[in-house]
2 protein chains.
Amino acid sequence: MTKSDKKIPPRVIPRLSRYYRVLREYDQKTWVSSRELSMDTGFTDAQIRRDLAYFGQFGQPGKGYTIEELKKSIKQILGLDRQWNVLLIGVGNLGTALLRYKGFREQGFEIVAAVDADASKAGKIVNGVKIYPVDEIQHIVREKHILMAILTVPEQVAQEAAEAAVASGIKSIFNFAPAHLRLPPEVQVRHIDMTIELERLSFLSSRE
Amino acid sequence: MTKSDKKIPPRVIPRLSRYYRVLREYDQKTWVSSRELSMDTGFTDAQIRRDLAYFGQFGQPGKGYTIEELKKSIKQILGLDRQWNVLLIGVGNLGTALLRYKGFREQGFEIVAAVDADASKAGKIVNGVKIYPVDEIQHIVREKHILMAILTVPEQVAQEAAEAAVASGIKSIFNFAPAHLRLPPEVQVRHIDMTIELERLSFLSSRE
DNA sequence: TAGATTGTTAATCGATTAACAATC
DNA sequence: TAGATTGTTAATCGATTAACAATC
């Protein structure tokens with residue numbers, strides 16, 4: 001699977017995650033149809049077939065999809081058939097909360113180290129994860145084969161922290177800082193901007 | 001401004017938030033053009049003019065937009081010209097982190113109370129916010145004029161907690177629990193699903 | 001074979017971009 | 001007036017939905 005595959009609309013991906021999650025909840029059945037998946041996910045059956053068709057032919061006309069095979073295929077498509085070592089950058093309130101969150105590990109995302117600019121935090125262990133001084137970032141990223149970082153630092157230092165991460169070899173960043181990161185295009189970034197989300201709610205609630 | 005206005009594409013709203021944020025950083029200038037906003041936000045000038053045109057005529061041909069007026073207009077459009085009292089539901093790791101986060105208040109979002117199912121937390125005060133037992137939710141929502149909730153409870157109780165919030169009068173929910181909430185359509189919901197976000201990064205990183 | 005459901009093509013819908021007349 | 005930039009219309013692009021021949 002390469003970049004030159006026919007273009008996948010970006011919105012397909014989170015839907016695959018949803019299909020995958022629903023599929024994992026089936027424990028009695030062997031087969032599932034796009035119609036059934038539609039009822040359990042809220043997406044239309046046409047869209048589900050379309051989404052899957054971007055990646056191959058997984059079903060059998062007249063029967064549907066075998067749950068086990070489809071799960072395996074989506075798992076592979078999403079890149080979940082491996083472990084992702086994750087670096088947490090910034091062990092403040094939010095960083096600590098994420099460090100303690102158990103949901104990531106289940107899907108193969110494992111926070112294997114943390115760094116913080118506050119030297120007095122270095123050496124501490126939170127939820128089994130050791131905190132290092134920020135200037136050891138390069139060393140840790142290489143030693144622990146880390147490709148992904150979660151960024152939970154204050155706004156003012158987000159850009160430089162992200163650049164340091166990229167310079168160390170990090171390929172994708174999950175950014176919680178309220179800062180628009182400017183990074184090379186080959187670095188994947190997902191940005192959770194909590195204020196923007198609240199503003200969406202505010203907008204919607206204001207125009208009833 | 002009512003529901004019957006010409007339809008606003010939903011993706012316009014987070015862009016308005018971005019424009020607003022950039023506008024607030026200008027302190028020397030009086031006028032700004034869509035061209036300049038384009039450079040500072042990364043969106044095209046055509047898109048910026050288009051987005052603003054959904055809500056009225058804010059600019060002057062040949063000159064651009066006056067920053068103060070545009071800021072005021074966007075603030076009003078987003079519903080930020082008032083205070084939003086927010087209830088935090090679930091004072092665990094993530095809930096506590098959000099309680100301590102200072103960024104919300106600046107935009108008029110104020111967490112005025114918290115509830116938790118763990119009775120032993122009741123009465124405690126975190127960052128100036130009092131924690132109540134969950135069965136007082138109705139009382140608090142009414143007394144404190146709360147319309148918005150942030151949901152940071154475990155997956156298993158997310159649905160029932162959301163329903164309780166709605167029954168108390170909450171109109172919009174910012175959901176951090178990894179659960180797909182089924183609520184009446186008039187309730188606004190934003191869902192941050194951290195695992196899905198990590199899976200997007202995983203997908204993108206897997207197909208270079 | 002009859003019934004069911006896929007994979008895909010064509011039609012529709014919606015959002016973005018280009019272009020430019022209107023106007024400051 | 002000359003130069004700049006808006007607001008809007010038309011063209012393009014992209015994603016979703018409908019429909020159905022192929023096939024289990």
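All values derive from a computational prediction rather than experimental measurement.

Engineer: Got a minute to help me understand the sheet that holds strand β10 (residues 188–191) of chain A in this structure?
Structural biologist: Residues and elements named next belong to chain A. As summarised here, the arrangement of the seven strands in space is β6-β7-β5-β4-β8-β9-β10, forming an open sheet in which the pairing is mixed. The outermost strands of the open sheet, each flanked by one partner alone, are β6 (125–126) and β10. Relative to strand β8 (residues 148–151), strand β4 (residues 84–89) runs parallel, the two being bridged by four bridges. Each residue of the ladder has a partner; that of Leu87, found in β8, is Ala149. The strands touched by helix α8 (residues 155–168) within the sheet are β4, β8 and β9 (172–175), with β8 carrying the most contacts at an inclination of about 170 degrees.

Engineer: Would you mind showing me how to read the pattern of salt bridges here?
Structural biologist: Close approach of charged atoms allows side chains of opposite charge to pair. Overall, the coordinates contain 18 salt bridges over all chains when judged by the stated rule. Across the pair Lys29 of chain A and Glu36 of chain A runs a salt bridge, and its minimum N-O distance is 3.0 Å. Between Arg190 of chain B and Glu197 of chain A there is a salt bridge, with the nearest N and O atoms lying 2.6 Å from each other. Of this pair, Arg190 of chain B sits in strand β10 (residues 188–191) while Glu197 of chain A sits in helix α9 (residues 194–206), each in a different chain. One salt-bridge network, held together by shared partners, links Arg190 of chain A together with Glu197 and Arg200 of chain B.

Engineer: Can you help me understand the protein's contact with DNA strand D in this one?
Structural biologist: Around DNA strand D, the surrounding shell holds 25 residues, and the nearest of these are Gln60 of chain A together with Ser34, Arg49, Gly59 and Tyr65 of chain B. In the interface set of DNA strand D, defined as its atoms within 4 Å of the protein, sugar plus phosphate atoms amount to 68%. Arg50 of chain A is positioned with one of its side-chain polar atoms (N or O) 3.5 Å from a base oxygen of DNA strand D. If you list the elements that add at least two residues to the surface near DNA strand D, you get α3 (45–53) of chain A together with α3 (45–53), β2 (59–60) and β3 (64–66) of chain B. When the residues that make up the surface near DNA strand D are grouped by side-chain class, the tally is seven nonpolar, eleven polar and seven charged.

Engineer: Explanation requested: the pairing of strand β5 (residues 109–116) of chain B in the structure shown.
Structural biologist: Looking along a regular strand, one sees the side chains alternate between the two faces of the sheet. Residue and element names in this part refer to chain B. Among the eight residues of β5, seven are classified as buried, and the element is accordingly described as predominantly covered. Pairing geometry for strand β4 (residues 84–89) and β5, over six bridges, is parallel. From the neighbouring strand, Leu87 faces β5, where its bridge partner is Ala113. Where β5 meets strand β7 (residues 129–133), three bridges bridge the pair, whose relative direction is parallel. Within the sheet, the bridge partner assigned to Val115 lies in β7 and is Tyr132.

Rules and cut-offs
Residues numbered from 1 in each chain as written. Chains lettered and ligands numbered in written order. Predicted model: local features only at pLDDT ≥ 70, side-chain atom pairs only at ≥ 80, totals over all residues. Heavy atoms only, no water. Pairing = 2+ DSSP bridges. Helix = DSSP H or I, 4+ residues; strand = E, 2+ residues; numbered from the N terminus. Contact = heavy atoms within 4.5 Å. Axes fitted to C-alpha atoms, helices over the stretch in contact; angles between N-to-C directions. Salt bridge = Lys/Arg side-chain N within 4 Å of Asp/Glu carboxyl O. Near = heavy atom within 4 Å. Polar contact = N/O pair within 3.5 Å; in protein donor to acceptor, adjacent residues only side chain to side chain. Nonpolar A, V, L, I, M, F, W, Y, C, P; charged D, E, K, R; others polar. Buried < 20%, exposed > 50% of the residue type's maximum accessible area, 1.4 Å probe, protein only.

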